[in-house]
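Breakdown of the fold
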Amino acid sequence: MEQIFDPALISKNRARAAQRATADTGFLLDIVATELAERVAVVERQFDQAVELHGADGRTATACLKTGRIKSLSRVETGDVFAKPDEKIIHAPIEHLPLEEQSTNLLLSPLVLHLANDMPGLLIQMRRALKPDGLLLAALPGAGTLAELRDVLLATEVEMSGGASPRVMPFADVRDMGSLMQRAGFALPVVDMEEYTVRYDSIFPLMRDLKAMGMANPLQARSRKPLNRAFFMRAAELYAERHSDPDGRIRATFSIIYMSGWAPHENQPKPLKRGSARISLADALKETMDSLEDKN
């Protein structure tokens, strides 16, 4: 399989971000942690064993534990830089799930699936790790995320050099994620998307936040040529011209896809078999039309 992302660079970027993290730079994880916790809270069951997958500082795990729905929770990360004092975490690369088959009731995946070169394979690993009727809750950036930044970086590079290289990673389409969930064998998959707009004084604090979140460019095909000050100054001008509000502040879009899916179980609702309906569509439409005519 073609390697779109550089796994070593992803690990390096995430570890560096963890070491330099501040309360402000975790705003996306805060949003996702709150949303996933709300989804755990509305499930009418207790989860004996949950696992958070690569949730950085663990704020998603903390939020979900507060719902009272989880009895025990473990965390998987790439290294101890993400661990809290005296916390023991399970070490594993992003694309390898270090869990036995049918070993957990709940998997939480906050903002990491988009970094997998083999996302379908990782989803299959997740489904296999769940016990029958176990639940996956995941969030990842979707298409539209950082569209403004992608636009101005491309325009700046074309203007200044006559060519362009990928500066912002690709993000999945919400419809594609629904198909991937089905292909991975999840039952009752639900996929939706929320769009969040964050405003900045200029392009520079936006790029600092992205770096602080470990979202620096991890593409294998990225240009290795350093960009100079003139490039970023022109990009800042274009951003202000194209994507600013009347008060002069610029907009940055984050489109977050939320997914849920269950490991198959015999007691789950099943779709009706083809041809098992007791009334044809034509008859149903005729009854509706006759009813409307009677009322008129």
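Position numbers for residues count from 1 along each chain, tracking the sequence in the order it is written. Residue-level local features of this predicted model are given only where pLDDT is at least 70; pairs of side-chain atoms are given and counted only at 80 or more, and the full residue set underlies all totals for whole chains, interfaces and linings. Side-chain numbers here rest on the full set of heavy atoms in the structure, without hydrogens or water.

Further remarks concern unusual backbone geometry. A positive phi is found at Gln102, a non-glycine position, where the angle reads about 50 degrees. Secondary-structure assignment places Gln102 in the loop between strand E3 (90-91) and strand E4 (104-110). Not every positive phi belongs to a glycine, and Asp133 is a case in point at roughly 70 degrees. Looking at the element boundaries, Asp133 is found in strand E5 (residues 130-141). Runs of H or I in DSSP of at least four residues are treated as helices and runs of E of at least two as strands, each being numbered from the N terminus.

Between the N-to-C directions of two axes lies an angle of 0 to 180 degrees, each axis being a line fitted to C-alpha atoms and, for a helix, fitted only over the stretch in contact. The geometry of helix H5 (residues 147-161) relative to helix H8 (residues 229-242) is characterised by a closest axis approach of 9 Å and an angle of 130 degrees between their N-to-C directions. Classed by the angle they form, the pair H5 and H8 counts as oblique. The element H5 and its partner H8 pack so that their crossing is right-handed. Residue-level inspection shows Glu148, Leu149, Asp151, Val152, Leu153, Ala155, Thr156, Glu157, Glu159 and Met160 of H5 in contact with H8, the latter providing Ala230, Phe231, Arg234, Ala235, Leu238, Tyr239 and Arg242. Roughly parallel means an angle under 35 degrees; roughly antiparallel, over 145; roughly perpendicular, 65 to 115; everything else is oblique. By convention, the crossing between two helices is left-handed when the near helix turns anticlockwise from the far helix through less than a right angle, and right-handed when the turn is clockwise. The contact definition used throughout considers only heavy atoms, calling two residues in contact when any of these lie within 4.5 Å.

Before going further, it helps to spend a moment on the environment of Met233. For Met233, the location among the structural elements is in helix H8. Summary of the burial criterion: residues with accessible area below 20% of their type's maximum are buried, those above 50% are exposed, and those between are partly exposed, where the area comes from a 1.4 Å probe applied to protein chains only. Judged by relative accessible area, Met233 falls into the partly exposed class, the value being 33%. With 51 residues separating them in the primary sequence, Met233 and Gln182 have C-alpha atoms 45 Å apart.

Moving on, we come to the confidence of the model for the protein. What pLDDT conveys is the predictor's confidence in a given residue, as a value from 0 to 100. On average, residues of the protein score 90 in pLDDT, and 91% of them reach the 70 mark or higher. Ranking the helices and strands of the protein by mean pLDDT puts E4 first, with 98, and helix H9 (residues 281-295) last, with 57.

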